[in-house]
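Remarks on the overall topology
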Amino acid sequence: MQDLKKEKTFWIESELVIQLKAKNEKALKYLYDHYASCMYGVALQILKNEELAQDALQEAFVKIWQNVQNYDSTKGRLFTWLLNILRNTAIDKLRAKEAKYKAENLKNIAKKADNDTIKQSEFIGIRELTEKLKSEHRVIIEMMYFEGYSQSEIAEKLGIPLGTVKTRAKNALDFLRNLLEEDTF
Amino acid sequence: MKVQKFIESGILSVYVLGAATEEEKQEVERMAALYPEVRQELESLQNAMNEYLAQYEVPVPAHLKQKVFEKIRNTENVELNLESEHSSDSRIVPFPSIQKWKYGLAASLILLVFSALLNVQLYQNLKETERELSVVQAQNVESQKKITLLQTQYQTTEQKLSLLQNPDYQITYLQGLQEVAPQSYATVFWNEKENKAFIFTNSLPQPPQGKQYQLWALTDDNIIWDAGVFDWGKFSPVKCFKKPQKFIITLEKQGGVPKAEGKAYAVGSVKS
């Protein structure tokens with residue numbers, strides 16, 4: 001129970017899921033060792049605050065542990081499921097954070113958020129891949145995934161028709177997929 | 001085509017980017033379950049997004065792991081709500097609830113009954129096995145006896161065969177006398193060179209208790225030599241020092257006599 005060192009064993013995903021559902025704490029440790037840093041990075045990207053991101057990560061892991069019975073491997077990869085929980089937790093925190101400062105000048109917040117993003121990007125050292133994305137693609141991914149805006153909110157903010165939001169989302173992911181495919185060669 | 005149009009609409013990307021409405025989510029999941037092309041495209045986009053997100057990887061501060069697992073244990077044990085303020089208090093030592101204790105007791109009793117039944121079953125199996133083993137052991141002893149007997153018989157046969165094959169041995173057949181042992185016979189193997197002799201008979205009647213057959217050799221000078229007693233049914237060595245004319249078997253008292261007293265049972269002339 002005390003041993004929180006990295007386990008050296010390798011688990012294939014199906015095995016890992018079975019062990020998680022059987023409430024094997026070692027499986028959860030394995031999960032943490034392999035996915036926590038990525039989840040933490042995503043939480044930082046969403047919340048732009050280390051403390052909040054750490055809270056989100058903790059809460060996400062508790063939810064993962066408590067809800068692992070609901071994970072259905074036919075609906076997608078375990079990693080996707082983990083990220084969804086993490087993202088939902090982080091977005092909820094983001095909304096709470098935003099509500100707290102609602103009374104304040106929205107413009108200031110937006111400015112501060114932009115600055116945070118730039119700092120964060122430097123800190124993280126975002127790879128070339130992100131830079132290769134067109135700003136149009138980057139914006140849509142940022143707004144949808146990291147800021148959790150709805151399609152209609154995005155349409156309103158960007159001043160484009162609702163249908164175009166879907167098209168842009170599609171273009172963004174298609175472009176991203178192509179980049180990744182090129183990367184592998 | 002409907003499926004192609006669905007894929008082209010961008011709804012899958014919106015889903016992957018977490019911006020799908022509740023109806024859209026259900027629609028995507030329904031279509032993915034129905035059409036392999038949809039599912040495949042969804043997975044492909046999802047994988048691309050996962051790979052992209054993996055690039056945001058940031059090392060987690062080391063102390064966080066301990067915190068995360070403490071929190072999980074606390075929520076597990078005390079069954080605290082996620083939002084509870086106490087959930088991060090690591091000093092709480094949870095006392096198992098009565099409910100859990102009841103389940104535990106029930107489970108223990110079930111296990112105990114199951115274990116007892118299993119023991120009875122195993123004990124019966126053991127008894128059965130022991131019984132079978134004793135039977136097999138008895139059979140084994142019997143088989144061993146048979147083997148010993150067969151080995152003796154085999155050795156006897158071997159010896160006889162070797163004597164038959166040895167040209168130095170002269171073979172004399174003794175015929176059972178009409179009055180006492182008709183149709184009986186005995187065989188004497190005599191090796192003049194080595195002064196060795198053997199007798200074998202089991203066709204003479206088995207001697208009664210306290211009695212033994214004795215072999216006599218009658219030489220040309222009409223002297224009767226004591227060739228010794230022998231065991232019925234066994235291939236037995238006898239004594240023969242001079243070339244005999246005749247062999248005679250008499251039934252004498254156990255251990256033999258110096259001069260023949262009993263009835264003659266078989267007589268055979270040695271070929272010259």
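Below you will find a few notes about this structure. (Residues numbered from 1 in each chain as written. Chains lettered and ligands numbered in written order. Predicted model: local features only at pLDDT ≥ 70, side-chain atom pairs only at ≥ 80, totals over all residues. Heavy atoms only, no water.)

Bringing the overall build of chain A into the picture now. Summing up its helical and strand segments, chain A has 9 helices and 0 strands in all. The helix and strand sequence of chain A, counted from the amino end, reads α-α-α-α-α-α-α-α-α. In chain A, which comprises 185 residues, the proportion classed as buried is 46%. Accessible area for chain A stands at about 10100 Å²; split by element, carbon and sulfur atoms hold 51% of it. (Helix = DSSP H or I, 4+ residues; strand = E, 2+ residues; numbered from the N terminus. Buried < 20%, exposed > 50% of the residue type's maximum accessible area, 1.4 Å probe, protein only. Areas by Shrake-Rupley, 256 points an atom, 1.4 Å probe, with all protein chains shown as cover.)

Inspection of every chain in the model, using the stated rule, returns 13 aromatic pairs over all chains. Taking 5.2 Å as the distance between ring centres and 25° as the angle between the ring planes, the aromatic pair formed by Tyr35 of chain A and Phe79 of chain A counts as stacked. Here Tyr35 of chain A is found in helix 2 (residues 25-47), whereas its partner Phe79 of chain A is found in helix 4 (residues 78-100), with 44 residues between them in sequence. Assigned by exposure class, Tyr35 of chain A and Phe79 of chain A land together as buried. When the ring of Tyr213 of chain B is compared with that of Phe230 of chain B, the centres are 6.3 Å apart and the planes differ by 15°; the resulting orientation is stacked. With Tyr213 of chain B in strand 4 (residues 211-219) and Phe230 of chain B in strand 5 (residues 224-230), the pair connects residues that are 17 residues apart, well separated along the chain. Across this residue pair, the class does not change: Tyr213 of chain B and Phe230 of chain B are buried. Here the aromatic residues Tyr169, Phe189, Phe198, Phe200 and Phe235 of chain B are joined through ring pairs into a cluster of three or more. Taking NZ or CZ as reference, Lys23 of chain A lies 4.7 Å from the ring centre of Trp65 of chain A, over its face. Here the basic side chain of Lys29 of chain A rests over the ring of Phe69 of chain B, its NZ or CZ set 5.5 Å away from the ring centre. (Phe/Tyr/Trp six-rings, centres within 6.5 Å; stacked < 30°, edge-to-face > 60°. Lys NZ or Arg CZ within 6 Å of the ring centre and 35° of its normal.)

Here the focus is the environment of Pro61 of chain B. By the secondary structure assignment, Pro61 of chain B is in the loop between helix 4 (36-54) and helix 5 (63-78). With relative accessibility at 24%, the residue Pro61 of chain B sits in the partly exposed group.

Right, let's talk about the nonpolar core for a bit. Membership of the largest hydrophobic core comes to 85 residues, with the highest contact counts inside it found for Leu31, Met39 and Phe61 of chain A together with Met49 of chain B. In terms of residue count, helix 2 of chain A provides more of this core than any other element does, 15 residues in total. Discounting residues that sit within four places of it in the chain, Phe61 of chain A has contacts with Leu28, Leu31, Tyr32, Ala36 and Met39 of chain A together with Val68 and Ile72 of chain B. (Core = buried A, V, L, I, M, F, W, Y, C linked by side-chain atoms within 4.5 Å. Contact = heavy atoms within 4.5 Å.)

Bringing unusual backbone geometry into the picture now. Phi is positive for Lys48 of chain A, close to 55°, though the residue is something other than glycine. At Asn222 of chain B, a residue that is not glycine, the phi angle is positive and equals roughly 60°. Here Asn222 of chain B shows up in the loop between strand 4 and strand 5. Judged by relative accessible area, which is 62%, Asn222 of chain B ranks as exposed.

Moving on: the interface of chain A and chain B. One frequently used descriptor of interface size is the decrease in accessible area upon assembly of the parts. Each side of the interface is counted separately: chain A has 55 residues, and chain B has 48 residues. Each partner contributes to the roughly 4900 Å² buried at the junction of chain A and chain B, and carbon and sulfur atoms together form 65% of this total. Joining chain A to chain B, the criterion identifies 5 salt bridges. Between Arg177 of chain A and Glu41 of chain B there is a salt bridge, with the nearest N and O atoms lying 3.0 Å from each other. Where chain A packs against chain B, one counts 13 residue pairs in polar contact (both at pLDDT 80 or more). Those elements that provide at least two residues to the side of chain A that touches chain B are helix 2, helix 3 (50-67), helix 4, helix 5 (106-124), helix 6 (128-132), helix 7 (135-146) and helix 9 (162-183) of chain A. When residues in the side of chain A that touches chain B are grouped by element, the largest group, 13 residues, is from helix 2 of chain A. Grouping the constituent residues of the side of chain A that touches chain B by class yields 29 nonpolar, 11 polar and 15 charged. (Buried area = accessible area lost by both parts, 1.4 Å probe. Salt bridge = Lys/Arg side-chain N within 4 Å of Asp/Glu carboxyl O. Polar contact = N/O pair within 3.5 Å; in protein donor to acceptor, adjacent residues only side chain to side chain. Nonpolar A, V, L, I, M, F, W, Y, C, P; charged D, E, K, R; others polar.)

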